[in-house]
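One letter stands for each residue in the lines below.
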Amino acid sequence: MTIQRPHLDIPSLLRFERRSIAAALNLIEDRRPLRQAQALALLDECAALPAGAHVVGITGPPGVGKSSLIARLIDLAARQKRRLAIVAVDPSSKVSGGAILGDRSRMHVPLDAPVYMRSFAAHDRLGGLSREAFSAVFLLRHFCDLVLVETVGVGQSETDVAHVADTVVLVVQPFSGDLLQFIKAGVMEIPDVLAVNKADDEALARKAMADVQAALSYERHQWARPVLAVSAATNLHIEDLDAAIAAHHAHLTTNGDLPLKRAERTLAWVVGEIVHEVGQRGLHALGGADGVAVWWRHQPADWSELRRLTVLLATLRWRVEA
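None of these values were measured; they are calculated from a predicted model.

Peer 1: What is the right way to look at the pairing of strand β5 (residues 167–172) in this model?
Peer 2: Successive side chains on a regular strand alternate, one facing one side of the sheet and the next facing the other. Most of β5 sits inside the fold, with six of its six residues counted as buried. In β5, alternate side chains face the same way, and those of T167, V169 and V171 on one face and V168, L170 and V172 on the other are all buried. In this structure, strand β1 (residues 54–59) lies alongside β5, joined through four bridges in parallel fashion. Its bridge partner being in β5, V56 is matched across the sheet by T167. In this sheet, strand β6 (residues 193–196) lies alongside β5 in parallel orientation, the contact comprising four bridges. By the bridge assignment, V169 is partnered in β6 with V193.

Given below as structure tokens:
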């Protein structure tokens, strides 16, 4: 049966018309079966388009100033006329299941700037990124210059964001005591850029940067990860942060690493979805992560990521239940 999706004008999405973007994301978030089938049809249609946006994950503990930093980055993008989308992940309401809007309500988005912001509930992902949030990023990559993904900053969100972002920015603050926990949890392996926010006090900022650089000294990466002292409150070195983020993207594109990195991270997301839905038994039934990779490569090239995952999960449920 051919699924007819609601009329969504692809050219209007390419023109970055906010009403069309909102309608497309509404479709992705709607969990009714027909609407989900329509969302898959839309994502399949968009999968043939170039996915040229730079996807940047902004993560860090609650209260470190992620939203304030993003507000500054919005100002920069608006001045440069870049088409920017913000996917913000918020805790879910225990009553409605919807997103509890946090600092996003205080962000200023210029009315005439090509900027679109959307909050997604974490649902049952313990603070991580829901499937709807991943699908939104997959869609927005086709229509934007830059997509910012802000995490809740607790639970699995730090690692989840690395499965969808080209560049991960970890935000910390002086004397927070978070670094040791990050090292223990493996979070320090994730970021490509580190920002020490609230660095208005130069002496405290120097000490915090030295601590971060010491934590990074145990890791060896092809990309030399920059550590910047910034302040969202006073706009200190925000342009340097923006330049460091852009430099990492240039590094990926110049070396030709971006397609491979996206493919690896998409597979990591798929493995996580399988374990979430059907557990380790389901992953084992497919031959582990290597089996998932083989299955993924043999799917039609014009299928979207969500289509492939949906078909794979349907197959696995049949195997597990048999």
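Peer 1: Can you help me understand the sheet that holds strand β4 (residues 146–150) in this one?
Peer 2: By way of backbone hydrogen bonds, the strands of a sheet pair with one another, either parallel or antiparallel. In spatial order, the strands read β3-β2-β4-β1-β5-β6-β7; together these seven strands make up an open sheet with parallel pairing. Whereas interior strands pair on both sides, the edge strands pair on one side only; in this sheet they are β3 (115–121) and β7 (227–229). In this sheet, adjacent strand axes meet at a mean angle of 20° when their direction is disregarded. Set on the sheet, helix α5 (residues 131–140) makes contact with β1, β2 (84–90), β3 and β4; between it and β2 the angle comes to about 175°. The strands touched by helix α8 (residues 202–216) are β5, β6 and β7; relative to β7, the strand with the most contacts, the crossing angle is about 170°.

Scoring rules and cut-offs
- Residues numbered from 1 in each chain as written.
- Predicted model: local features only at pLDDT ≥ 70, side-chain atom pairs only at ≥ 80, totals over all residues.
- Heavy atoms only, no water.
- Buried < 20%, exposed > 50% of the residue type's maximum accessible area, 1.4 Å probe, protein only.
- Helix = DSSP H or I, 4+ residues; strand = E, 2+ residues; numbered from the N terminus.
- Pairing = 2+ DSSP bridges.
- Axes fitted to C-alpha atoms, helices over the stretch in contact; angles between N-to-C directions.
- Contact = heavy atoms within 4.5 Å.

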